[in-house]
Amino acid sequence: MNPPTERDDHQPPATPPPVSGVGQEEVPASPPPERGAGQEDVLVGPPAERGGWWHEYVCPAHGVELEHVGFASGVFPAGGVPCSYGCRVDTPAVRGAWTVLAHHFWARRIRLLSYDGAGADLLTSYARLYLDLTKEGEHDQAQNWMQRGRLFHQALTDAVWGVPIAHAIRTLATHPTHASSTPSTSNSASGRGQLGETLGMLDDMVAGARRARDAMVAQDKFSSNYTAWFNALGITAGQAAAALRGTEWAGADEWLTGEHGQFAHLAASTGEDGWEWEGSTYYHGFVLRAYLLSLRGCDPATVPARLEMMIAALADIATSGGVLPALHDGPYRRVPLALEWLEIAALARQFTSAVDLTAVATHARAEVGASYDGLEDRFDGWFSGPPRTTLADRGPDSTYAVVRTAGIHAILDHGTHGGSHGHHDKLALYLYGSTTPWQPDPGQVPYGHAQWRAHYKSVVSHPTLRIDGLEPAEATGAVSRNGNSISATVSGWYDGVHATRELIAADNYLLDVVRVTADREREIVLQFRPDVDLTVELGPRATRSTWTGDEKLYGYHRGDGIPVTRPGPGPADDPQRTRTWIDWTVTGTSATFCSVYSTAPIDDDLAEVITDV
């Protein structure tokens, strides 16, 4: 697997300075537009404007994603969009981001309607709007680093919106209420009734997807997550157009099996352990979802086994209660993402019976709450053949190592950095219960907030080592297993520093041993970063910690230096949530940190396992 050497993500290239505190006032609203907020429950129609970049949908004062309001009305809320802390934000960037999300709201709504034979009028009016809004070509307000879209700032957003729109058209074209209509050989309204009006939009989508994909290839960025969605749009829009014209789709040789088709991208973008090369739970799912949506009507037996490995990689990191840790870039907790996990789980269940994502789906369904619409229950018969039954052999765990023992779900980060979506978290230890994030990866805020984005990317926000208060270089660790022990080693991330983290699993505890050596005196800090209430008790021989959430974790810590507590921001879903951090600090040329974790109180006998280290 050869990841691209240049950035291929949907975020700006500059890395802003680390955050030192928000210190901003609430943002005043600009003069109110025509409609007020509170119309979000009234289904009116999609926005009549082009969209911007959804990552700008973030409160500049608090770093939280803004509230999802007003999408059904199609009109930006009067007085601005609220945040959970009471701000009202109205800026051109936020308006553009709101418009993106409103268009996505309507794409999902139309897709749901299509299964009942409804929504044709919405699709035809949307097609007219699309052709009118995009007639000037690429969006002239996109940032310079972006691959420009037509309806939105980014071509990627065009694809993510276009795929569900194309699926809705295809569903309606074969629905009994429309299938009897006359196919079309042109772009006139005579094909499948009024749906023929969407052919111009569909053809434009296919052409745009081809241009965008070819641009990625020309820039040596074929393995980008963008490409999966450009291929997905080329496939779904092409198939929808063929269904309207009453012809066989002839694009498989280009879009699926071709040199730059979806199967080639699958091979280029994933490793032998099944992980998408960026090592991000979110982007792994983002690419997997594009693949699954591309394969409607395909026989799973004809698809490369690597796709099944991607599904298995998600199952590997999921806790028994279905929590998917937010590794590297991606939301820590977000309802629209939970809806995507439901979609992925439903399609994965039809693709393979060898991997079970039931717990993930159950947890996602609980996160969605009142926003649940049941879309994934309409996907019956997505593939043309039965599910695969045997999981192919996977390569070693070259991205993350997972240890499950005694009610503890531990993830050790040791793999590649992951490009611009990677975080400075090498040798981080993430600890979860069945549903409790004792010490999670904190995830990431929407990229439009420069300060908090820099914070959550940095080493200081992760439960790993920090040397001299510096950011480490990008690095890849080496991992080895020996019975119930797994060890990861990294060098080169800090000049002259070598570190090893070993996890030893037993029936009633997890032992964590971190060893550091340096070529000169350094400040060596082992960081603890909880998302639960954490109490610390310093004793004569060791320090005890208690991690209290829905489930409780107990820690017993012994080694050089003294763990010092301080307040720090919690995970990225709400940077204003304060948690108790621990910085275990040693100044010298070496340090050893030993911790025992158990879901039961640690007595003196259990504590003595440290003496054998």
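Report follows, based on the coordinates. (Residues numbered from 1 in each chain as written. Predicted model: local features only at pLDDT ≥ 70, side-chain atom pairs only at ≥ 80, totals over all residues. Heavy atoms only, no water.)

**As for the environment of T436**
Part 1 of the reasoning: Structurally, the position occupied by T436 is in the loop between strand 5 (429-432) and helix 13 (450-457).
Part 2 of the reasoning: As for T436 and V532, which are separated by 96 residues in sequence, their C-alpha atoms are 8.2 Å apart. (Helix = DSSP H or I, 4+ residues; strand = E, 2+ residues; numbered from the N terminus.)

**Side note on the layout of surface pockets**
Part 1 of the reasoning: Estimated volume of the second largest pocket: approximately 470 Å³.
Part 2 of the reasoning: Around the second largest pocket sit 32 residues that line it, and V323, Y332, R333, H363 and E367 are the ones nearest its centre.
Part 3 of the reasoning: Looking at the lining of the second largest pocket, the elements that each hand over two or more residues are helix 9 (281-294), helix 11 (335-351) and helix 12 (358-368).
Part 4 of the reasoning: Of the residues in the lining of the second largest pocket, the class split is 17 nonpolar, seven polar and eight charged. (1 Å grid on protein atoms, 1.4 Å probe; cavity = no way out; pocket = protein on both sides within 12 Å on 5 of 7 lines; lining within 4 Å. Points joined across faces, edges and corners; volume = space filled by probe spheres on them. Nonpolar A, V, L, I, M, F, W, Y, C, P; charged D, E, K, R; others polar.)

**Quick look at unusual backbone geometry**
Part 1 of the reasoning: Its identity as a non-glycine residue notwithstanding, H328 has a phi of 60°, on the positive side.
Part 2 of the reasoning: For H328, the location among the structural elements is in the loop between helix 10 (306-317) and helix 11.
Part 3 of the reasoning: A positive phi angle, near 55°, is found at D468, a position not held by glycine.
Part 4 of the reasoning: Inspection of the secondary structure assignment puts D468 in the loop between strand 6 (465-467) and strand 7 (478-482).

**Quick notes on a nonpolar patch on the surface**
Part 1 of the reasoning: Residues L538, I562 and V564 make up a contiguous nonpolar surface patch of about 290 Å² in total accessible area.
Part 2 of the reasoning: Secondary-structure assignment places I562 in strand 14 (residues 562-569). (Patch = residues over 30% accessible without salt bridge, like charges linked within 9 Å, V, L, I, M, F, W, Y side chains within 5 Å. Areas by Shrake-Rupley, 256 points an atom, 1.4 Å probe, with all protein chains shown as cover. Salt bridge = Lys/Arg side-chain N within 4 Å of Asp/Glu carboxyl O.)

**Things to note about the nonpolar core**
Part 1 of the reasoning: Counting 126 residues, the largest nonpolar core has W161, I165, W229 and L307 as its most contacted members.
Part 2 of the reasoning: Apart from the residues lying within four places of it in its own chain, the contact partners of W161 are H103, H104, A107, Y126, Y130, L151, F152, M201 and M205.
Part 3 of the reasoning: Residues V403, L431, I524 and L534 belong to the second largest nonpolar core, which totals 39 residues. (Core = buried A, V, L, I, M, F, W, Y, C linked by side-chain atoms within 4.5 Å. Buried < 20%, exposed > 50% of the residue type's maximum accessible area, 1.4 Å probe, protein only. Contact = heavy atoms within 4.5 Å.)

**Looking at the side chain of R577**
Part 1 of the reasoning: On the secondary structure map, R577 appears in the loop between strand 14 and strand 15 (578-598).
Part 2 of the reasoning: Polar side-chain contacts of R577 include one of 2.9 Å to the side chain of D573.
Part 3 of the reasoning: Look past the residues within four positions of R577 in its chain and what remains in contact with it is Y85, Y332, D531, G568, P569, G570 and P571. (Polar contact = N/O pair within 3.5 Å; in protein donor to acceptor, adjacent residues only side chain to side chain.)

**Thoughts on helix 9**
Part 1 of the reasoning: Spanning 14 residues, helix 9 covers 20 Å between terminal C-alpha atoms, matching the ideal 20 Å at 1.5 Å per step.
Part 2 of the reasoning: Burial of helix 9 is extensive: 14 of the 14 residues sit out of reach of the surface.
Part 3 of the reasoning: For helix 9, the N-terminal capping position is held by S280, with its side-chain oxygen 3.3 Å away from the main-chain nitrogen of Y282. (Expected span 1.5 Å × (residues − 1).)

**Remarks on the sheet that holds strand 4 (residues 408-413)**
Within a beta sheet, neighbouring strands are joined by backbone hydrogen bonds and run either parallel or antiparallel to one another.
Part 1 of the reasoning: Strand order across the open sheet formed by three strands is 3-4-5, with antiparallel pairing between neighbours. Lying at the two open borders of the sheet, with one neighbouring strand each, are strand 3 (400-405) and strand 5. Averaged over all adjacent pairs, the angle separating strand axes in this sheet is 20°, with direction ignored. (Pairing = 2+ DSSP bridges. Axes fitted to C-alpha atoms, helices over the stretch in contact; angles between N-to-C directions.)

**Overview of the pairing of strand 9 (residues 497-505)**
Part 1 of the reasoning: Burial runs high along strand 9: seven of the nine residues are buried.
Part 2 of the reasoning: With seven bridges connecting them, strand 8 (residues 485-491) and strand 9 associate as antiparallel partners. Note that in strand 9 the partner of S487 across the bridge is E502.
Part 3 of the reasoning: Connecting the antiparallel pair strand 8 and strand 9 is a turn made up of five residues, with G492 showing a positive phi of about 90°.
Part 4 of the reasoning: Where strand 9 lies against strand 10 (residues 510-528), nine bridges are found, and the strand directions are antiparallel. Directly across from A505, in strand 10, lies its bridge partner L510.

**Points about the environment of V402**
Part 1 of the reasoning: By the element assignment, V402 lies in strand 3.
Part 2 of the reasoning: Take V402: its relative accessible area is 18%, and that puts it in the buried class.
Part 3 of the reasoning: V402 has contacts with D316, I317, H409, A410, I411 and R481, leaving out every residue within four places of it along the chain.

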